[in-house]
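What follows is the residue order along each chain.
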Amino acid sequence: MQALEKDDRYEEVLHTLQNERKKEGVRMSEVLDRIENRGIIIGEKRGRQKMANAINTLNSILLEQNRIEDLKRASGDLNYQQQLLSEYGLYDREENLTQE
């Protein structure tokens, strides 16, 4: 992979695992599992950040429109919060967040 694509991720993970194990060998499946898990973690972080941005945008909109009671309700009622996110085009239950 490194030779074809100039991508060092495989080598980095392999060396990390080798350093952790010292005497034991490392199987390719272990390297791939570690890479996959790292990708999942990155995706989860991005998803949380997108949701935080959407909620902040919603909160700003509600404040601008002086919808204080809706803001209070949304902060304690996740279903209502999702309804408002959908109302403003910030969240689609099928596609999840619609805005970066």
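Note: the structure precedes this text.
Bear in mind the structure is a predicted one, so any value in this text is a computation, not a measurement. (Residues numbered from 1 in each chain as written. Predicted model: local features only at pLDDT ≥ 70, side-chain atom pairs only at ≥ 80, totals over all residues. Heavy atoms only, no water.)

Caption draft 1: Up close: the pattern of salt bridges. All chains considered together, the criterion is met by four salt bridges. Ionic pairing is found between R67 and D70, a salt bridge with its closest N-O pair at 2.6 Å. Overlapping salt bridges bring together R67, D70 and E87 as one network. (Salt bridge = Lys/Arg side-chain N within 4 Å of Asp/Glu carboxyl O.)

Caption draft 2: Expanded view of the packing of aromatic side chains. Summed over all chains, the structure comprises zero aromatic pairs. The positively charged end of R73 is found above the aromatic ring belonging to Y80, 3.8 Å away from the centroid. (Phe/Tyr/Trp six-rings, centres within 6.5 Å; stacked < 30°, edge-to-face > 60°. Lys NZ or Arg CZ within 6 Å of the ring centre and 35° of its normal.)

Caption draft 3: Representation of the packing of helix 3 (residues 28–64) against helix 4 (residues 68–76). Where helix 3 contacts helix 4, the two axes come as close as 8 Å, and the packing angle between them is 155 degrees. With respect to helix 4, the element helix 3 is oriented roughly antiparallel. Together, N59, L62 and L63 of helix 3 and I68, D70 and L71 of helix 4 make up the contact between the two elements. Split into classes, the residues belonging to the contact of helix 3 with helix 4 amount to four nonpolar, one polar and one charged. (Axes fitted to C-alpha atoms, helices over the stretch in contact; angles between N-to-C directions. Helix = DSSP H or I, 4+ residues; strand = E, 2+ residues; numbered from the N terminus. Parallel < 35°, antiparallel > 145°, perpendicular 65-115°, else oblique. Contact = heavy atoms within 4.5 Å. Nonpolar A, V, L, I, M, F, W, Y, C, P; charged D, E, K, R; others polar.)

Caption draft 4: Summary view of the side chain of D70. Looking at the secondary structure, you find D70 in helix 4. There is a polar contact of 2.6 Å between the side chain of D70 and the side chain of R67. Beyond its immediate chain neighbours, meaning those up to four positions away, D70 contacts L62, Y80 and L84. (Polar contact = N/O pair within 3.5 Å; in protein donor to acceptor, adjacent residues only side chain to side chain.)

Taken by themselves, the reported measurements are silent on function.
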